[in-house]
Amino acid sequence: MDLQLHFRQFTKRCTFLLLAGVMALGSYAQTAPTVGGVVRARYEIQTVDGRSRFAVRNSRVWIRGSFMPKLSYYVCTDLCDQGQFQFLDAYGKFDVGNGVAIQAGQFRIPFGVDPFRGPGNYIFADRSFIGRDIDNIRADGVQAAYTFQKGIPAVITLGVFSPNTITDQNHWSKTLNYALKAEVPIGPFKITGGLQTIQPDSVRVNMVDACVSFSKGGLNAEAEYILEHYADNPFPDCHSYNVWVDYGIPLEKSTFNRLSFQARFDASTSHSNGIVTNGRLSEDHPNRKRLTLGSTLGFVNKPVKCEIQLNYQKYFYKKGYAAPDGRNDKVVAELIVLF
């Protein structure tokens, strides 16, 4: 009798463990890794001399998922960034609760708005000066974000990062980079502000960002400004701004379901990356302005998107400046596939 009782208890425990295992597998299946990516293939021609080229601007792939409800991860790489391999992001994120989330690893510093748009969500074929030259910064570090649980769901993010580039993680330093970003949605508007202080070399660079975004119906618009100050004034302050508008209309009885039109004006004064060369900061980007006009024909069925984009870019430099290839007047035709 005792043997039969022990046997029944043993089978009950095995059954319980088996059911628990099945439930665990089912729970994991709901949070199993998902794979996504974006491909941007383009043709561009310089209107000043008629030279042209084809290029795969991005071939980006990412993996995201979670091990448990509050612990997620994200890894992203670009297999062809204009022919170059780029390892971009790798981080884990823990949802502490009560609106607090902590993220650690390699990712974009929480500062600015346009820099946070990925290649599958660019408004224009080429990024703004702010997104490409002024604040295109990824680093290794940690950040904490707090989302207000009552009232307006504002988000405040504070980050601390290594000053080294993501390709030089063996370097030791006595300095750190810091960033603070606040986002406040108000109806169709979103107000974003931020502070950032970095030290890529021996000079500390301090930056302030302010942005107003608007989205309602088919109309989207944004205005962003960044002030960049170099400590002890070894280089003039850099002022940069990016203003754009996008208006889209739905399409029926067509393979594509959205047609949109875009206009942008962005500019920056003389800019230095903060790297000392021959004892001083050099001008890495000249004073320039740009007008961009474009149209996009798209099929959007989240999470899949396919777009055909056509842009014309008109650059304005100081008299006598010889613009490098790709940074002068041109027409860009691009195919974007997001999956």
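Caption draft 1: Representation of the packing of aromatic side chains in the model. The final tally for this structure, using the stated rule, is twelve aromatic pairs. Ring geometry for Y43 and F54: centres 4.7 Å apart, planes at 45°, overall tilted. Taken together, the positions of Y43 in strand 1 (residues 34-46) and F54 in strand 2 (residues 52-68) put the pair eleven residues apart, joining distant regions of the chain. Each member of the aromatic cluster is reached from another via a ring pair, and the members are Y74, Y91, F107 and F161.

Caption draft 2: The arrangement of the nonpolar core in detail. Counting residues in hydrophobic clusters, the biggest one holds 18 residues, and the most contacted among them are I109, M207, I226 and Y230. Residue assignment for this core shows that the elements contributing at least two residues are helix 2 (129-134), strand 10 (205-216) and strand 11 (219-230). The contacts of M207, once residues within four sequence positions are left out, are F111, I134, D135, G194, L195, Q196, I226, L227 and E228. Formed by seven residues, the second largest nonpolar core is a distinct cluster that contains Y74, C76, I336 and L338.

Caption draft 3: Summary view of the side chain of H271. With respect to the secondary-structure elements, H271 resides in the loop between strand 13 (258-268) and strand 14 (276-277). The class of H271 is buried, set by a relative accessible area of 1%. Within polar-contact distance, the side chain of H271 engages the side chain of E228 at 3.1 Å. Non-local contacts of H271, meaning those with residues more than four positions away in its chain, are made with D133, I134, E228, Y230, F235, C238, S282, E283, D284 and H285.

Caption draft 4: Quick look at unusual backbone geometry. Here K302 and P303 are connected by a cis peptide whose omega angle stands at 5°. Topologically, P303 is positioned in the loop between strand 16 (288-301) and strand 17 (304-317). For Q82, which is not glycine, the phi dihedral falls at a positive 55°. Checked against the element boundaries, Q82 lands in the loop between strand 3 (71-81) and strand 4 (84-97). For Q82, a relative accessible area of 41% translates into the label partly exposed. Its identity is not glycine, yet N278 carries a phi of approximately 55°, on the positive side.

Caption draft 5: Quick peek at the environment of L227. Here L227 lies in strand 11. Along the sequence, L227 and D237 sit ten residues apart, while their C-alpha atoms lie 7.1 Å from each other. Setting aside anything within four residues of it in sequence, one finds L227 in contact with N206, M207, V208, D237, C238 and H239.

Caption draft 6: Inspection of the pairing of strand 8 (residues 177-186) at higher detail. Here seven bridges tie strand 7 (residues 155-161) to strand 8, and the two strands are oriented antiparallel to one another. Bridge pairing links T157 to K181 in strand 8. In this structure, strand 8 lies alongside strand 9 (residues 189-198), joined through nine bridges in antiparallel fashion. The residue bridging P185 from the neighbouring strand is K190, located in strand 9.

Caption draft 7: Geometry of the pairing of strand 2. When strand 1 meets strand 2, the two strands line up antiparallel, connected through twelve bridges. Looking at the pairing, A41 lines up with V56 of strand 2. Taking the residues that link successive antiparallel strands as the turn, the strand 1-strand 2 hairpin has five residues, and the phi of G50 there is positive, at about 80°. Note: strand 2 against strand 3, eight bridges, orientation antiparallel. Residue M68 lies in a different strand from strand 3, and its bridge partner there is L71. Connecting strand 2 to the antiparallel partner strand 3 that follows it, the hairpin turn spans two residues.

Caption draft 8: Molecular detail of a nonpolar patch on the surface. Taken together, the side chains of V39, V56, V304, I308, L335, V337 and F339 present a nonpolar region at the surface, about 510 Å² in accessible area. Those elements giving two or more residues to the nonpolar patch turn out to be strand 17 and strand 18 (330-338). Tracing the backbone shows F339 in the segment after strand 18. Given the relative accessible area of 43%, F339 is considered partly exposed.

Reading the values: rules and limits
- Residues numbered from 1 in each chain as written.
- Predicted model: local features only at pLDDT ≥ 70, side-chain atom pairs only at ≥ 80, totals over all residues.
- Heavy atoms only, no water.
- Phe/Tyr/Trp six-rings, centres within 6.5 Å; stacked < 30°, edge-to-face > 60°.
- Helix = DSSP H or I, 4+ residues; strand = E, 2+ residues; numbered from the N terminus.
- Core = buried A, V, L, I, M, F, W, Y, C linked by side-chain atoms within 4.5 Å.
- Buried < 20%, exposed > 50% of the residue type's maximum accessible area, 1.4 Å probe, protein only.
- Contact = heavy atoms within 4.5 Å.
- Polar contact = N/O pair within 3.5 Å; in protein donor to acceptor, adjacent residues only side chain to side chain.
- Pairing = 2+ DSSP bridges.
- Patch = residues over 30% accessible without salt bridge, like charges linked within 9 Å, V, L, I, M, F, W, Y side chains within 5 Å.
- Areas by Shrake-Rupley, 256 points an atom, 1.4 Å probe, with all protein chains shown as cover.
- Salt bridge = Lys/Arg side-chain N within 4 Å of Asp/Glu carboxyl O.

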